[in-house]
Amino acid sequence: MLFSGEFHPFRLPVPGLWLDVFQKIKSMGFNGVSFYTDWNLLEGNPGHIFTEGIWSLERFFEAASEAGIYLIARPGPYINAEVTAGGIPGWVLRINATIRCDDPEYLNATTKYMSTVANVIERAQITHGGPVVLVQPENEYATWPDVSEADFPTTMNREYMYHVEKQLLDAGITVPLIVNDNKALGYWAPGSGLGAMDIYGIDAYPLRYDCGNPTFWPTYRFPYNWQVLHEEQSPKTPFAIAEFQGGSGGGWYNCNLPLCFDRDLLRNREGVVEEKCAELVNEEAVRVVYKNNYGFGVKIFNIYMTYGGTNWGNLGYQGGYTSYDYGAAITENREIFREKYSEQKLEANFLKASPAYLTATPEPGINGSYGVPEPIAVTPLRGNSTQTNFYLIRHANFSSLSSTEYTLELPTSIGNITIPQLGGNLVLNRRDSKFHVTDYDLGGVNLIYTTAEILTRARGTGSARVLILHGGSGETHEFALHRRLGNPTVAEGSDVTITLKDEAYVVQWHVKPQRRVIRVSNVEIYLLWRNEAYAYWPMELEAAAPIGNYTSPSKDVAVIKGGYLIRSVQITHNEIRLVGDVNTTTEIEVVSTPTKNLNKIVFNGESLQTSRSKLGKLTATVAYKYPALKIPDLVNLEWKFINSLPEIDPSYDDSAWTSCTKQSTNNPRQLNTPTNMYSMDYGFHTGSLLYRGHFVANGLETSLSLNVSGGTGFGHSVWLNRTFLGSWTGAGSNTTTVQEFAFANLTLDQPYVLTVLIDDMGQDEEAPGTDAIKFPHGIFNYELSHHLKSDISWKMTGNLGGEQYADLVRGPRNEGAMYAERQGYHYPEPPDASWKSFNPIKDGLSEAGVGFFTTSFSLDIPLGWDVPMSFVFNQSSAGTTGLNYRCQLFVNGYQFGKYSKWFIYRFIGHRLICCSQ
Ligand code: GAL
């Protein structure tokens, strides 16, 4: 099974931290990661592709190899992914061709990127010893306007898909190509006669995106028939879910239900919406909905997102905000405290330890089958070639909050039995789902059944076996082993009933926080409370080349009881070397290894004092000594200030700016102005945009009407010379707005300058063929009373250099049009000696404008500590209470994010995350 998590390197632009995320994913029991590459970020400047520094795929591949993670590469060219224009570079949006079709002009535009990236991926294929095992061309390419499902794809779509596949094949990609069909209609499946795909995959987001109502599960998209569909659509390939909902995300007011984004709730959580998305797709969702997928026999399973990261530097699309935390298992600042991390760890490890799952035949779930009551559905997965059967239990109504008791009538190697055999009931509490197994192979020892779920089973020294079982608080569980193995004894704990019943010894217990350990012959069985099981880490041991750290069914596993995180385990002679993280003083117990005579534990390079537990296990304590940290008090630092809107001065010299003199556009949206004022047609695609309109007054002017465009949530402000005319603070649904500004008494024959500053929020994503991502930003129309439109001559600027952007390190989207950005003052050590001291939090701006504030501090985090840090903006940080503002935060030149105070009243505060370099 390929059990994979989605993680985008470009959303964590610190190559040195990639290993950390890979290890956290691997330690969860996953063996893969799926990643997109964002064409837009790599080829912002047509013909110039950057794959160095933070864009280095090689470093990403090295980190994956080191952690032992297989990769699914998804280079697009269109990726969606909540990135601006779904990954299509701005310069491609202005060409005369429909995006994602077989028009040669569009195809040509993709050539250099696809061949460059595909070549890098090619070198990293598993066939060359690298981590890449699958490659996905395009993304969700399953519709086209005016083409019905029955007629899709047309020749044109087919040609396009062939082209993308061929780009990969021509670069030497030989690992299987996988399709991601969001329509689950079987498009591009091998055998469908369409293209060269090897594996058919679907994607699904059944819990949807309403993070404002995290306890409400919208079950209308929950799947019931995927195993049947799979048999129809692609019976010869493993059932693959190329993306399955691992969290959720919101946007700038993108929700219409009255309860969405409950303001007070959000404020109580420091205004951070991500925790609510994590709550929507929480550990219960993982239990119920992911297990439902195992019930369909999924073999390639990718959780989108597993680590989300940050939409830093304007890389996001108009509908998202800075954080791409996604409520995922690993938080934006790389913490793993969310319970679903641990729940996923239980599930992924169980599947890894259960090869019988891979060959079992999934059957449809039936309510009330196998003797359970009607409100419960049982989905069997029947052993083919193995004796093992899996029975998946869930509430028939997925979202039920009831507690439902049940017993199960199951066929086993000792005949048909009703479990629990020793009385009492099994129970499904709230939103839960359970795997019960029968005749499960513990490695030469047959487990007749267990109702408690399996975290893992492992080979110990010699013929020793360990089995780790867990159950929810208060539940009753049972397992049975054949009597010929002997009489089970309780080696640790108490309150366990052991009864010989016919052919088997049956062990029953009620789950409590204290663990119980049972021994039978050479098998040791741990009976754990589920939350206690979270502290157990089944860790693969390194194998000989070429497997190394990669997952392989034949690998040995060490089971370590640790704390917050165990990253890796190595055993040499009598020494076990652990690498891990603790967040409190932590007991380490070596529960099982295949190595004899261990007597030494080394944790993060330090030898620990060890002792033996009553069970004879090697144990030690990792002391947690909280380091002295100097976290800067941002409010009271010395801040320097400079005006960042000198452009409203009529004498400002804009001679180097771009003149808006083009008379036409390739854009589907035609012009309403005498000359083209779409920023994309002048090569400006990111951040803010500045327009200056020059005219000579005739004294009759009374008003200016402006139609401005900037992506949902955009805002703009307008000045006439130095006079502020007004602004649009933004709205979730507006991509444009028309406003009228009144004024009078302009002086006849005097030159005037209009300044329009637009906070551009990025392009949209799109369904294929709609060209929605080409929606232009800039000024759509204007009307100055008593003037012809042509009386105003416009100039504009965006980021320094536009497509020929200057900052090759941080890439094409990091900056916008603001003066301070164009001067590079956001880099370390700005020339601020003569700037005045002024505090953005205490003083703020006294009038409409743009201020640039800078300060410096050092963090001095002691070596060896990973200290998760966030910048938190809240309403009390608003020095100018009552005024709306937008701000961007730069750290060492990297735009960490955008914050808009206007939005906090509507729905969201913002957490900006610090990644240290
Ligand atoms: C999928 C898409 C991803 C991402 C996701 C939502 O449909 O393939 O790229 O956009 O939706 O987060």
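Residues numbered from 1 in each chain as written. Predicted model: local features only at pLDDT ≥ 70, side-chain atom pairs only at ≥ 80, totals over all residues. Heavy atoms only, no water.

As for the packing of aromatic side chains
As a reminder of what qualifies: Put simply, two rings from Phe, Tyr or Trp (the six-membered ring, in Trp's case) pair if the centres are within 6.5 Å, and we call them stacked under 30 degrees between planes, edge-to-face over 60, tilted for the rest. For the purposes of this entry, the term helix denotes a DSSP run of H or I that reaches at least four residues, the term strand denotes a run of E that reaches at least two, and both are numbered from the N terminus. Remark: exposure states derive from per-residue accessible area (1.4 Å probe, protein chains only) relative to the maximum for the residue type, with buried under 20%, exposed over 50%, and partly exposed in between. Here, a charge over a ring means that NZ of Lys or CZ of Arg falls within 6 Å of the ring centre while also lying within 35 degrees of the ring normal.
Enumeration over the complete set of coordinates arrives at 66 aromatic pairs. Each ring, one from Phe-3 and one from Phe-30, has its centre 4.4 Å from the other, and the planes form 45°; the classification is tilted. Of this pair, Phe-3 sits in strand S1 (residues 2-7) while Phe-30 is found in the loop between helix H1 (18-27) and strand S2 (32-36), placing the two residues 27 residues apart along the sequence. Assigned by exposure class, Phe-3 and Phe-30 land together as buried. Their ring planes at 85° and their centres at 5.5 Å tell us that Phe-7 and Tyr-307 sit as a pair that is edge-to-face. You can see Phe-7 sitting in strand S1 and its partner Tyr-307 sitting in strand S8 (residues 300-307), a full 300 residues away along the chain. Taking relative accessible area as the criterion, Phe-7 reaches 0% and is therefore assigned buried. Looking at Arg-394, its charged tip hangs above the ring of Phe-398, at a distance of 4.1 Å from the centre. Across from the ring centre of Tyr-894, 4.5 Å away, lies the NZ or CZ of Arg-810, which sits over that ring.

A look at the sheet that holds strand S47 (residues 851-854)
Condition: Strands are labelled as partners when DSSP assigns at least two bridges between them.
Strand order in this open sheet of three strands is S46-S36-S47, and the pairing throughout is antiparallel. Looking along the sheet, the strands with just one partner apiece sit at the ends: strand S46 (836-837) and S47.

Focus: the packing of H1 against helix H3 (residues 57-67)
Using the following cut-off: For helices, the fitted line uses only the C-alpha atoms of the stretch in contact; every axis is such a line through C-alpha atoms, and the angle between N-to-C directions lies from 0 to 180 degrees. Handedness of each helix crossing follows the sense of rotation of the near helix against the far helix: counterclockwise by less than a right angle gives left-handed, clockwise gives right-handed. Whether two residues touch is decided by their heavy atoms; if any such pair falls within 4.5 Å, the residues are in contact. Only Asp, Glu, Lys and Arg are considered charged, only Ala, Val, Leu, Ile, Met, Phe, Trp, Tyr, Cys and Pro nonpolar, and every remaining residue, Gly among them, polar.
Contact geometry for H1 and H3: axes closest at 9 Å, N-to-C directions at 35°. In terms of crossing hand, the pair formed by H1 and H3 is right-handed. From H1, Trp-18, Leu-19, Phe-22, Gln-23 and Lys-26 reach across to H3, where they touch Arg-59, Phe-60, Ala-63, Ala-64, Glu-66 and Ala-67. Its residues assigned to classes, the contact of H1 with H3 shows seven nonpolar, one polar and three charged.

Here we look at the sheet that holds strand S39 (residues 703-709)
The three strands lie next to each other as S42-S39-S44, forming an open sheet whose pairing is antiparallel. Edge positions in the open sheet fall to strand S42 (736-742) and strand S44 (778-784), since each of these has one partner strand only. For this sheet, the mean inter-axis angle between neighbouring strands, taken without regard to orientation, is 15°. As defined by bridge partners, S39 adjoins S44 across six bridges and the pair is classed as antiparallel. Its bridge partner lying in S44, Leu-704 is registered against Leu-784.

Remarks on the site of the ligand
What counts, and what does not: By convention in these notes, a residue is near a molecule or strand provided one of its non-hydrogen atoms lies within 4 Å of it. Under the rule applied, a polar contact is a pair of N or O atoms within 3.5 Å (in protein, one hydrogen donor and one hydrogen acceptor; residues adjacent in sequence only if both atoms are side-chain atoms). Residue-level accessible areas treat just the shown protein chains as cover; the underlying method is Shrake-Rupley with a 1.4 Å probe.
For the ligand, the set of nearby residues contains 15 residues, the closest of which are Tyr-36, Asn-80, Glu-82, Glu-140 and Tyr-326. In this structure, Ala-81 approaches the ligand through a main-chain N or O atom, which is 2.8 Å from an oxygen atom. Residue Tyr-326 places a side-chain N or O atom 2.5 Å away from an oxygen atom belonging to the ligand. Burial of the ligand by the protein chains amounts to 93% of its free accessible area of 310 Å².

Structural notes on the state of the cysteines
Should the sulfur atoms of two cysteines be covalently bonded, the bond is a disulfide. Put simply, the rule reads: Here, a disulfide means two cysteine sulfur atoms that sit within 2.5 Å of each other.
Scanning the entire structure with this criterion turns up one disulfide. Across a sulfur-sulfur distance of 2.1 Å, Cys-211 and Cys-277 are joined as a disulfide pair. Across the disulfide from Cys-211 to Cys-277, rotation about the S-S bond amounts to roughly 105°, and the bridge is consequently right-handed. Note that Cys-211 is positioned in the loop between strand S6 (199-204) and helix H7 (226-233) and Cys-277 in helix H9 (residues 274-280), a separation of 66 residues in sequence. Residue Cys-211 is classed as buried on the basis of its relative accessible area, which comes to 0%. The class for Cys-277 is buried, based on a relative accessible area of 1%.

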